[in-house]
Each structure stands twice: as C-alpha cells, then as structure tokens.
Amino acid sequence: MATVSINLATGSVQKEEIIVGIDLGTTNSLVAFINPDGNPQVINDTGKGVLVPSVVHFQPDGSVIVGNEAKEHLITDTQNTIFSVKRLLGRSFDDIKAHSELFSYKIIDDDSESMVKINAGGRYYTPIELSAMVLKELKDRAEHALKTAVNRAVITVPAYFNDSQRQATRDAGKLAGLDVLRIVNEPTAASLAYGIGLDPEEEKTIAVYDLGGGTFDVSVLKIQNGIFEVLATNGDTFLGGDDFDQAIVNYWIEANQLQNRMNDDTLRQALRLKAEEAKKALTTQNLFNDFVGEIPCAITRMKFEELISAKVEQTIQSCRNALADANLNISDIQEVVMVGGSTRTPLVKRKVSEFFAQEVHDKINPDEVVALGAAIQSDILAGNRKDILLLDVTPLSLGIETMGGLMDVIIPRNAKVPSKAGRQYTTSIDGQANMKISVYQGERDLVKENRKLAEFDLKGIPGMPAGFPKVDINFRLNADGILTVEAVELRSGVKQKVEVKPTYGLTDEEVEKMLIDSIQNAKEDVSRRMLIESRTEGEQMVYTVERFLQKNKDQVSEQETLDTQKLLDALKAALVSGDKDLIHKSIDELNEFTRPFAERLMNVAIGTAMKGRRVE
Ligand code: ADP
Ligand code: MG
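Nothing here was measured: the structure is a model prediction, and the numbers come from that model.

Caption draft 1: Spatial organisation of the nonpolar core. Counting 48 residues, the largest nonpolar core has Ile22 and Ile107 as the members making the most contacts within it. Element by element, the count of residues in this core is highest for helix H3 (residues 127-146), at eight residues. Excluding its chain neighbours within four sequence positions, the residues that come into contact with isoleucine 107 are Leu88, Phe93, Ile96, Val116, Lys117 and Ile118. Grouped together as the second largest cluster of nonpolar side chains are 44 residues, Val218, Ala247, Ala281 and Ile308 included.

Caption draft 2: The arrangement of the packing of helix H8 (residues 301-325) against helix H9 (residues 346-356) in detail. Running from N to C, H8 and H9 cross one another at 35°; their axes reach a closest spacing of 9 Å. Here H8 and H9 pass one another in a crossing that is right-handed. Taken together, the residues of H9 that come into contact with H8 (itself represented by Arg301, Glu305, Ile308, Ser309, Val312, Ile316, Cys319, Arg320 and Leu323) are Pro346, Leu347, Val348, Arg350, Lys351, Val352, Phe355 and Phe356. Considering only residue class, the contact of H8 with H9 consists of eleven nonpolar, one polar and five charged.

Caption draft 3: Main features of the packing of aromatic side chains. For the structure shown, the criterion picks out ten aromatic pairs. Between the NZ or CZ atom of arginine 87 and the centre of the ring of phenylalanine 238, over which it lies, the distance is 4.2 Å.

Caption draft 4: Structural detail: the domain arrangement of the protein chain. According to the domain assignment, the protein chain consists of domain 1 (16-194 + 371-377), domain 2 (196-363), domain 3 (398-519) and domain 4 (524-610). One C-alpha centre belongs to domain 1, the other to domain 3; they are set 29 Å apart. Contacts between the two partners involve eight residues from domain 1, matched on the other side by ten residues from domain 3. Note on domain 1 versus domain 3: buried area summed over both sides is about 830 Å², and carbon and sulfur give 31% of it.

Caption draft 5: Representation of the site of ligand 1. With respect to spatial proximity, 18 residues lie near ligand 1, and among them Thr27, Asn28, Glu276, Lys279 and Thr283 are the closest. Within the contact set of ligand 1, an oxygen atom lies 2.6 Å away from a side-chain nitrogen or oxygen of glutamate 276. Between ligand 1 and the protein, one listed contact pairs an oxygen atom with a backbone N or O atom of glycine 341 at 2.9 Å. In the complex, 90% of the free accessible area of ligand 1, which totals 580 Å², lies under the protein chains. For the shell around ligand 1, the secondary structure elements donating two or more residues are helix H6 (241-256) and helix H7 (265-284). Looking at the shell around ligand 1 residue by residue, the class counts come to no nonpolar, twelve polar and six charged. Residue assignment places the shell around ligand 1 across two domains, with domain 1 (16-194 + 371-377) and domain 2 (196-363) each supplying three or more.

Conventions used here
- Residues numbered from 1 in each chain as written.
- Chains lettered and ligands numbered in written order.
- Predicted model: local features only at pLDDT ≥ 70, side-chain atom pairs only at ≥ 80, totals over all residues.
- Heavy atoms only, no water.
- Core = buried A, V, L, I, M, F, W, Y, C linked by side-chain atoms within 4.5 Å.
- Buried < 20%, exposed > 50% of the residue type's maximum accessible area, 1.4 Å probe, protein only.
- Helix = DSSP H or I, 4+ residues; strand = E, 2+ residues; numbered from the N terminus.
- Contact = heavy atoms within 4.5 Å.
- Axes fitted to C-alpha atoms, helices over the stretch in contact; angles between N-to-C directions.
- Left-handed = near helix turned anticlockwise from the far one by under 90°.
- Nonpolar A, V, L, I, M, F, W, Y, C, P; charged D, E, K, R; others polar.
- Phe/Tyr/Trp six-rings, centres within 6.5 Å; stacked < 30°, edge-to-face > 60°.
- Lys NZ or Arg CZ within 6 Å of the ring centre and 35° of its normal.
- Domains from an automatic or database assignment.
- Buried area = accessible area lost by both parts, 1.4 Å probe.
- Near = heavy atom within 4 Å.
- Polar contact = N/O pair within 3.5 Å; in protein donor to acceptor, adjacent residues only side chain to side chain.
- Areas by Shrake-Rupley, 256 points an atom, 1.4 Å probe, with all protein chains shown as cover.

Structure representation (structure tokens):
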C-alpha cells in the first residue's frame, strides 16, 4: 500500500508523488507525466511506442491483451476484439442503438435504459471494465518506464461528455487502480499544452478543433481567471480518419474492379491498412504507389483531397454552428488549437485555418497534445506550479443515495468552489408520493461508509407509474462552503430544499482518513457497485417478465410459459448467488427467449388498431 500525502489546504496530493495525465481516446490512448525538468513528456515504454490502440482482445485461453497486439485481431476475430469502447462508456442501449451495426462485437440490448454490456470471450463486461483494461495497460507502461508506482491520474474526456459518461470514466480509473484526481475536458488540456490559459490574468476566447480516428468535435472555450468555460461544442461522433481510409479503399475497389471480392476479410483488412498507410504518406508527399498482393494501390494527394473534401466541409459546418451557438463571430476567436491525428492531413489544416482566418496551433504533435496538457493539469493540482493560483476545491465528493444504497456523486472531489451540478431521478414504485433524499459526503461507493450530511422528503408527488416522475436534484456549493440541495418534481412543480455546511465538524484527519480508505478499498468498492447494479437490473427484469406472463396468458403457449419459468428461476438463483457474470448471463438468456413475446404482442396491438379503424 502506497502512502498518501494530502495537502489538506487544497485537497491535493503532495508533490513527491507522480501524477500522470491520461488521454483515454476512442482510437488511441496514451499517458504523459512531468519530467524532472518540469516539462510535460509522453511515456514511451521501450519499443512499444507512445500510442496504445484502445483495443482489447480476449484470447481463447481466457487471457486479455490490449493495444497493438489486440488490434491485429480486429478483422479476424471480431467477436472477441473490442474497439471504440469509449463510445459505450456511460451509455444505455437506447443511446447507441442507431449505430449498433458499427460494432462487430456483441452488445447486450436487454433493458434499453440500463448501461450497455458486451459479451466477449464467453463473459459479460461493462464498458467500465473494458476501459479499465486500457487504463491498466497505460498504468503498467508508466510504472515500467518511470520505475515507480503510479497511483494517481488526471484523465481527459470530450467536452460534450455528460455526467454519467464522466462518472463511468472515473469508475474505470478506480477499477484500474488509479485515484482519479480530476476529469478534465480534452480541449482544456490541449489548450494548456500550448500554454494558453496558464496565466491567470489572461482572458481569451479560443476554438479547439479535434479530428480523431472516428470522432470529430469542435469546442469554443472562454478562458478567464484560470477557468475554462465551454461556450459551445459541436461535431459528429461518427466522423474521423477512419472515413478517410474508407474513401481510399472505395477508390481502389472501384479502380481495380474488386466489388465481388469484398467478402474476403483478409483482403479487406489488408486494403484498409494500406489505405491508412497511403493517407499518412500523403500528409508529406504528393503520390502514394504500392501493391496489396497483385492489386495496384496508387493515389495522388489531389485525388485524396477530392475524395475527402465533403467530409472536411462537414467539419467546417460544425465550426460555423458552434460559433453561432456561442453567439460569436469568427473575429472573436483569438486562438485555434488543432488536436487529433487526422488534423495532420494538409487539407484539414488549410480549411480550418481558412475558416478561422488565422494561423492555427499545430506545433505540438496532435495525437499527444491532450495527454501532455493532462500532465500539466496534474502538476497544477499537485501544487507544483507556484505561478498558478490553485483555486479552492472541495476535498470530498458530495452526492445522494440511490437504489441499493449506492452513492451517486453529484459534485466530485477536487471540483472548484463555487460549483453547481444536478441530475435527474425518478421513482421506483407505482404511485410513489414521497421520495427520500439523503445527502452524503465521501469517496466510498456505498453510502453507509460515507458521511451523512442531511436528509429530507420530497412530498406530494402526484400518483404516477414508476419511472414517470422527473425529479431534478441540484447541488450548489457557494464560496463560503455552504451546500444547498434542491429537489423539484418537474411534472407537478413540488419542491423542497436543504442547506448544510459539509466541512462543519470535519477535521483534517478525518478527511485524510476518508481519502485513504477510499483508495485502499477502490477495487472492491467498484466490484460491489457493479454487483448491486446488476442485481437491481435483474430484479427489475424478474418483475417485468412475471407481470407480463400474468397479463398476457393468451399470447404465450403453455410450453413457452414453462420455459420462461425455468429461465426466471435461473435468474432468481443467479441473483442469490452474487455472481455478477451469472446474473448478466441469465438476464441475457431470459431476454433472448422472451423478446419474441413482446414483438408478438406488438403485432396484436397493431392488428387490433387496424381492425378498429376498419369501420365499413
Ligand atoms: P482518437 O482521439 O479518436 O483516439 P487520434 O487522435 O489518435 O484518435 O487519431 C487517430 C487518427 O489519426 C487515425 O485515423 C489515424 O489514421 C490518423 N492519423 C495519424 N497519423 C496521421 C497522418 N500522418 N496523417 C493523417 N492522418 C493521420
Ligand atoms: Mg482524441
């Protein structure tokens, strides 16, 4: 167990400890640190390169590989090779179903509102667990390269990530054995890497253009007193360098009449790899000329630019939209920062520079710039930068109790003060009129191990089925450290609030002890949370299926009822067993079996509706 030294005045960790900055990307991830000279530096673990492809492969013997070696299995073993997991982090199946065909591995779509799960290597994984595997690889590389334990990190996320995506990223860090000091927006980190926003006197409005492998986003930021405010974000989560590769592949297919050979996975894989090679080559040269087997693969930069110009134009339109949303003109943008490997493509640089009518910042390696900035942010949090004033932060997370006694963090630890945040909740029982809101402070996943600050009842919620009421809970922490918690049911307007001072009666030693406890118990806490979440989901499934069977006796045959009953019993047994994997497996099987019933019922409903309409 590593010792923890916490600067209690700031809630930050003392400087002797290394804190790394991590860019957990959709395509590639990497880690950086501040070297002894005080400069940010990416970690290049001997021979393995800087970028770790964000790919996890499950081998037949049950072992897991991450990164370059895993990437080799992308086309040959699609079911067991997980890529782009960042797209699934903190998301429900409802959020991603429009794009589900893009994932060649198996995503479980049992309950559309709960978080997605992935079935691979014969087991069930949450995106948090898969992301943790990538983070663990980064932690291992950092430890190997720096020859010291690495327990603390700042992790970056896109500016458009919502609360649950940010929380999922924190959990992934925890599971990988990292104390996540702060989640930082990618554009903020990139800007810091260029030194923009480091001077507290500086006031600026900037744009950060980030074109990666599969996603594009542009953010407009306002920097003031060392605080980065996101004025607008825009983009397309399904546009990136992969599309450029695909455009080249399509061009070669056409040129070589390969249309009828496209079911050959090995050929497709080879063409894709060659296309990426061509694209990168065309960044510095005007012609690419090579072969895949006997197939000639040539392309000029001019042709390439013609192929991708519509996609690039689409990103410019996003820039236009972002400016409009922020109520700004091009002339208001004082700096433009380029991020993401695909901004190396000369056409992209040219178009962005043209649009913003200025030279763009592109001196720092665009696939390293976010991680480098994250390292700078960690240095600031560590209190190592005397020139930068460290703002007041809240030393412990603040949140409320949710189903199963879980702590749901609303204002995370190390958030700047003043601060406000909120989230929406609903009821779990039909006709529920009261909702108990219990406010806690601390880092543990179960509220019973945290410190209770307050509790109140939101009364008079009008009778509605479970899941219908919309209860907004807002936390406001003011400059004096007073926390106001307000709950409003939006459909009826019923309201209730409470005020507390979270630091009241809390000694420095207690804060320190709470932090140490949470770090010591991090892994176990996350597993307990995941088990509770899967149980809650399983119990809900039992409830839904049993109610369905009662209500729709005539739609389901006797045999089907018996078989469903067997699966229900299996799920109930799994719920008792406390084996998360078994619970997910049982939910999945029950879901697969009963799915046709629901469809049948829908057909009946449509049939009835049609009959009803036929009045002649
Ligand atoms: P992400 O942030 O989505 O993880 P990256 O920023 O690492 O992604 O960008 C990866 C993309 O950058 C890939 O599509 C890759 O082909 C592209 N890329 C890398 N180097 C170059 C280059 N020299 N020219 C053009 N594109 C490049
Ligand atoms: Mg990125």
